[in-house]
Each structure stands twice: as C-alpha cells, then as structure tokens.
Amino acid sequence: FTDLGDSVNGASSNYKAVVSGNGRVMAYMNELPFYRAVYVSRFTPAGWTAPVNITPQIQSDDDQFVTSISYDDNRLYLTKEDAFNSDIYVSDFQRGKWSRSVPVGGQEINTKYWESHASVSKDGKTLYFTSNRKDGQGEMDIYRSHLQPSGGWGMPENLGSVINTSLNEDTPFITDNDSVLYFSSQGHETMGGYDIFESVLQPSGAWSIPENIRYPLN
C-alpha cells in the first residue's frame, strides 16, 4: 500500500475514494470541520493534483457521498442520504465544472428503500447498484439495469443467489471489460465482517461463484 501524499491526504479523514476506469480522475470524501465535502483530483505525469472541493458545484448539503466515476471520467455517481432514505444521483463534468447532481433516471432505480451504491459499465449501458427492496435475497442486494433507447434505465433485475446472500452485499464495481464484478459482502466465506469478492460473467450469462480475494486486502 502506498500513501498518496499530502496533496490528497490531509489532517482530516479522507474516505470513499473512487477512480475512473481510465485512471485519470479520483473523487473522495473529506471530513471538514462543519460538513462532509466531495473532492476531485486528476492524475498527471507528476502525480495527483491538488484536490478541488466540488461540493458547491454539485450542491450537496452535507448529504451526498461518492460511489463511482464513469470509465471516461465525465460522470460522477453519488448517493444522497438522510436518516430514512438513500437514492442514487449523478453529476456530469461539463465546460470545466461539475453540474448540480440530479436523481439517476429510470424506472424503479430509486425507491422508498435504501439504494446505497452504483457503478456503470465501460460503455455506459449497464448500471449495477445496491438496494434493500423487498424482492431481494436478503438484506442489501446487487441489482442490474440496462440503458433504454429513451435514455432512462430499465426495470432492474436482481443478480440472483450466486451473488446475493441472506446478509448484505454492497459496493459493486464492474471492471472495464464489463465481465468481472468486485463487491463487498457479509455473506459467502468471509475472513471477518465485510470482505471483497470477485465474480466473473460466464459466456452463458451466469456469474461464477464469488471468490474471496483474501489477505492483504481482506
């Protein structure tokens, strides 16, 4: 493990770091004295640039948290949370700044239940997210939705009992070849609490049995 240095890490808590698939943009949370800020840094030949506080740009009121960045680094996925509900939001990088975040479009993506995380495929056409809606395998489950010709997201499908367990699955990340899924789980065979797992999409369309990626990450 390598510390990213003083340009990224400060005296306050830095957490929930996510990096775009092309490796050029990183977003993360920074715990400031009076609110939780969203920071963005860009990778250059000299390393990561001094981060920019984009909280005013996305218009977060201490209630938005980063979850992922699109492969081409132009769309930021967040969750907007309160004590009772969490929904998935998006912000786009346009003309040198991030837009005000808005709810992700699509049928039944955001519900009265808790949607906690989102990650999109390299081509931007498949959205993976987590929810504790009632039709799941247990608590938090991973779902998948496909982009529709209208531009919205279609009806989500549960990834099924190979991926989801009676306990919590969370933080799905689909890799740039759109066939390897990383996620955290309290189920399956964990070393303790939440562990990180890997599953590969088979030619048949089924997911392989998730493998624990073991120590030193877990």
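So, here's what we can say about the structure. (Residues numbered from 1 in each chain as written. Predicted model: local features only at pLDDT ≥ 70, side-chain atom pairs only at ≥ 80, totals over all residues. Heavy atoms only, no water.)

Section: the overall build of the protein
To be explicit about the condition: Only DSSP runs of H or I covering at least 4 residues are called helices, and only runs of E covering at least 2 are called strands; the numbering of each starts at the N terminus. Accessible area is worked out with a 1.4 Å probe on protein chains only. A residue is then buried under 20% of its type maximum, exposed over 50%, and partly exposed in between. What makes two residues a contact is simply this: any of their non-hydrogen atoms within 4.5 Å. Note on areas: Shrake-Rupley with a 1.4 Å probe; residue coverage comes only from the protein chains shown. Charge counting follows a simple rule: Lys and Arg are positive, Asp and Glu are negative, and His as well as the terminal groups are ignored. Working definition for charges: the position is that of NZ of Lys, CZ of Arg, CG of Asp or CD of Glu.
Within the protein, the secondary structure is distributed over 1 helix and 18 strands. When the backbone C-alpha atoms are referred to their principal axes, the protein occupies close to 45 × 45 × 35 Å. Counting across all 218 residues of the protein, residues that qualify as buried make up 43%. Summarising the internal contacts of the protein: among those between residues at least 6 apart in sequence, 37% fall at separations of at least 24. Roughly 11300 Å² of accessible area belongs to the protein as shown, and the carbon and sulfur atoms make up 51% of that amount. Computed over 16 positive and 27 negative side-chain charges, the separation of the two mean positions in the protein equals 8 Å.

A few points about the packing of aromatic side chains
Our working rule: Geometry of aromatic contacts follows a simple scheme: Phe, Tyr and Trp rings, the Trp one being its six-membered ring, pair when their centres are within 6.5 Å, and the pair is stacked under 30 degrees between planes, edge-to-face over 60, tilted otherwise. Over a ring means this: the NZ of a Lys or the CZ of an Arg is within 6 Å of the ring centre and within 35 degrees of the ring normal.
Under the criterion given, the structure shown has 6 aromatic pairs. Between Tyr-28 and Tyr-39, the aromatic rings sit 5.9 Å apart at their centres with planes inclined by 50 degrees, giving tilted as the arrangement. Taken together, the residues span a long stretch of sequence, with Tyr-28 in strand β2 (residues 25-31) and Tyr-39 in strand β3 (residues 36-44) at a distance of 11 residues. Ring centres 5.1 Å apart and planes at 65 degrees place the aromatic pair Phe-43 and Trp-48 in the edge-to-face group. Under the relative-accessibility criterion, Phe-43 is labelled partly exposed at 47%. Here the basic side chain of Arg-42 rests over the ring of Phe-93, its NZ or CZ set 4.5 Å away from the ring centre. Of note, Arg-133 hangs over the ring of Tyr-143, and the distance from its end group to the ring centre comes to 5.2 Å.

Some remarks on the layout of surface pockets
Test applied: Within this scheme a cavity is a closed region of a 1 Å grid, computed over the protein atoms alone, that accommodates a 1.4 Å probe without allowing it to escape, whereas a pocket is open but has protein on both sides within 12 Å along at least five of seven lines; lining residues each have an atom within 4 Å of a point. Grid points are joined across faces, edges and corners, and a volume is the space filled by probe spheres set on the points. Amino acids are sorted into nonpolar (Ala, Val, Leu, Ile, Met, Phe, Trp, Tyr, Cys and Pro), charged (Asp, Glu, Lys and Arg) and polar (every other residue, Gly among them).
Volume-wise, the largest pocket comes out at about 640 Å³. Around the largest pocket, the lining comprises 30 residues; the ones closest to its centre are Ala-17, Val-18, Val-19, Thr-67 and Phe-173. For the lining of the largest pocket, the secondary structure elements donating two or more residues are β1 (14-19), β6 (64-69), β11 (115-120), β15 (169-174) and β16 (180-185). Its volume calculated, the second largest pocket comes out at about 230 Å³. Taken together, 20 residues form the lining of the second largest pocket, with Ser-70, Arg-75, Tyr-77, Val-120 and Gly-124 sitting closest to its centre. Counting only elements with at least two residues in the lining of the second largest pocket, the list comes to β7 (75-81) and β8 (86-94). By residue class, the composition of the lining of the second largest pocket is 8 nonpolar, 7 polar and 5 charged.

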